[in-house]
Amino acid sequence: MITSTPKHASAQPVAAPSNRQALIEDHALIGDLHTAGLIAKDGTMDFLCLPDFDSGSCFTSLLGTPENGQWRIAPVRPVQQVQRRYRGNTLILETELETAEGTVRLIDFMPIRQGAPRVVRIIEGLRGAVPMRFDLRPRFEYGLTTPRDHVVDGMSSAIAGPDALYLRGGTGKHAPPFQAELTVNAGQQVMYELAWARPYDDVPPPLDIPAALRETEKFWAQWTSQIKLPSQYQDLVMRSLITLKACTYLPNGAIVAAPTFSLPETPGGERNWDYRFTWIRDSVLTLNALMAAGLSEEARSFGRWLIDAVGGAPGQFQIMYGIRGERILTEEPLPWLEGHGGARPVRIGNGAYKQFQLDVLGELAAVIYVYAKAHGELGTNGRAAIKAAAQVVAEKWTEEDHGIWEMRGPTRPFTASKVAAWTTINCWLAVIDMFDLEEDKAPWEKL
């Protein structure tokens, strides 16, 4: 899972550049509410899927080597100290890198998407004159495919199959090269914009980077201004909620369990799963936190998405779906990736979508009940969802399941699952009473 950088990070030494993978905890998250990328504290963007969370990655060195794709911007000389922070309550990442020659700041963000997905990276000179290394290595289809480089109309492009990346910016009037060295002086800014599109579509127009930076900061400031914070741990709660929001798919309100795939649960282990999907359990627990913070619109959006995902047959209810409601999430290994810290196999897709996990229905019913009680409304969609959950429980509560632990192998009679089944029916009965629904309570009370 992703750990976000503390608001006031302390200065820490950074090792000289190498082909070693960065530690998972040394990454910070940026995103545009369609996808998200990870940037290590040495200035390397080593994970990014485009155009969406569940798309193929173009930077995958976090799970392999630099030859599997990365975007590195770093001083040529050894870095003596690094300090990182997010700019206020945003996903705009600021990294200060200090060397013997001086100090530079990297500003990294993804504008909230309006058209093409984009990554913006700005090098800002703070002190002295710092020689910098710029190294952009796109590798499409999860680090497998090397694109064809091309320069046209003042920009550099990388194209292979259905993917194209377009790089603009740099220090001069010519197209910025994918590999270069440059010196950044105090007071100087060097800006880069990387845009994605299909090769057969129009090339995305140039981005007004200063305006995009202002608009991105404004978006996060407005969104976080709605949040109701507890009396304690406000900084931690705020940063956690921003991270949860970053895992939300803006077009429909689906929430991914994580924006990454195949990071190991244990060092060198085999439990390396793809989490770029929407687990009902994870999402309702996330929604509980969002609603507690007064962010009810996220709950409404997710509710609408869930109803569409479930469709017209409650008996076909799944524990998880793709971010657009897809049901078939076939799991397969990627043998060309060595894994983080050698943890193999690297997988995409997730075979757990076929599992029956009874407890999910209890979590779903509980969050609908909490929402209805807090807002005094249920709506047609909410009623349909909680009734569907109750109907599935009525049919299947005696069956064995895989449980909250998603154990692979034979099903078992988990106590936690039976308690969750009870919770489903209890919440449904409470909702019937709360809104005086025209439902026959007798069979549900008997159950």
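Residues numbered from 1 in each chain as written. Predicted model: local features only at pLDDT ≥ 70, side-chain atom pairs only at ≥ 80, totals over all residues. Heavy atoms only, no water.

Observations regarding the environment of Ala-430
Note the threshold: By definition, any uninterrupted DSSP run of H or I lasting at least four residues is a helix, any uninterrupted run of E lasting at least two residues is a strand, and each is numbered from the N terminus.
Among the secondary structure elements, Ala-430 is positioned in helix 8 (residues 415-434). Each C-alpha atom, one on Ala-430 and one on Leu-287, is 20 Å from the other, the two residues being 143 residues apart in sequence.

Quick look at the nonpolar core
One recurring pattern in soluble globular proteins is that nonpolar side chains are buried together. To keep it simple, the criterion reads: The set of buried Ala, Val, Leu, Ile, Met, Phe, Trp, Tyr and Cys residues whose side-chain atoms join them within 4.5 Å is what this entry labels a nonpolar core. Here's how the labels work: a residue is buried when its accessible area is under 20% of the maximum for its type, exposed when over 50%, partly exposed in between, all with a 1.4 Å probe on protein chains only.
If you look at the biggest cluster of nonpolar residues, it comprises 119 residues, and the most contacted ones within it are Trp-71, Ile-123 and Phe-261. At 8 residues, the largest contribution of residues to this core is made by helix 6 (residues 359-375). Judged by nonpolar contacts, the second largest core, of 8 residues, contains Phe-109, Ile-122, Ala-212 and Leu-213.

Some remarks on helix 7 (residues 379-396)
Since the α-helix turns once every 3.6 residues, residues separated by three or four places project in the same direction. Selection rule: Between the first and last residue of a helix there are one fewer steps than residues, each counted as 1.5 Å, and that sum is the expected span. Working rule for contacts: check all heavy atoms of both residues, and any pair within 4.5 Å makes them a contact.
For helix 7, which comprises 18 residues, the first-to-last C-alpha distance of 26 Å matches the rise-based estimate of 26 Å (1.5 Å per residue) to within 8%. Listed in full, the buried residues belonging to helix 7 are Gly-382, Ala-385, Ile-386, Ala-388, Ala-389, Ala-390, Val-392 and Val-393. Looking at the packing, one finds that the buried side of helix 7 touches helix 5 (296-310), helix 6, helix 8 and helix 9 (442-446).

Some details on the packing of helix 6 against helix 8
Rules: Structural elements are reduced to axes, namely lines fitted to C-alpha atoms, with helices fitted over the stretch in contact, and the angle between N-to-C directions of any two is expressed from 0 to 180 degrees. Working definition: roughly parallel below 35 degrees, roughly antiparallel above 145 degrees, roughly perpendicular at 65 to 115 degrees, and oblique for all remaining angles. Crossing handedness is defined as follows: a turn of the near helix away from the far one that is anticlockwise and smaller than a right angle gives a left-handed crossing, while the clockwise case is right-handed. Asp, Glu, Lys and Arg are counted as charged, while Ala, Val, Leu, Ile, Met, Phe, Trp, Tyr, Cys and Pro are counted as nonpolar; the rest, among them Gly, fall into the polar class.
Where helix 6 contacts helix 8, the axes come no closer than 7 Å and their chain directions differ by 30°. Looking at the two axes, helix 6 sits roughly parallel to helix 8. Of the two elements, helix 6 crosses helix 8, and the hand of that crossing is left-handed. Within the contact between the two elements, helix 6 uses Asp-359, Leu-361, Gly-362, Ala-365, Ala-366, Tyr-369, Ala-372 and Lys-373 and helix 8 uses Ser-417, Ala-420, Thr-423, Thr-424, Cys-427, Ala-430, Val-431 and Met-434. Here the residues of the contact of helix 6 with helix 8 sort into 10 nonpolar, 4 polar and 2 charged.

Points about the confidence of the model for the protein
For clarity, the cut-off: A residue's pLDDT is the predictor's confidence in that residue, given on a scale from 0 to 100.
Averaged over every residue, the pLDDT of the protein is 92; residues scoring 70 or more account for 96%. This model gives residues 1-17 a pLDDT under 50, and the stretch forms 41 contacts once residues within four places in sequence are excluded.

Observations regarding unusual backbone geometry
A negative phi angle characterises most non-glycine residues, just as the trans form characterises most peptide bonds. Going from Leu-50 to Pro-51, the amide bond is cis rather than trans, its omega being 10°. Positive phi, close to 50°, is recorded for Asp-436, a residue that is not glycine. With respect to the secondary-structure elements, Asp-436 resides in the loop between helix 8 and helix 9. The exposure class of Asp-436 is exposed, given its relative accessible area of 67%.

A word on helix 6
When the terminal C-alpha atoms of helix 6 are compared, their 25 Å separation across 17 residues agrees well with the 24 Å that a helix rising 1.5 Å per residue should span. Taken from the residues just after helix 6, Gly-376 is the one with a positive phi, measuring 65°.

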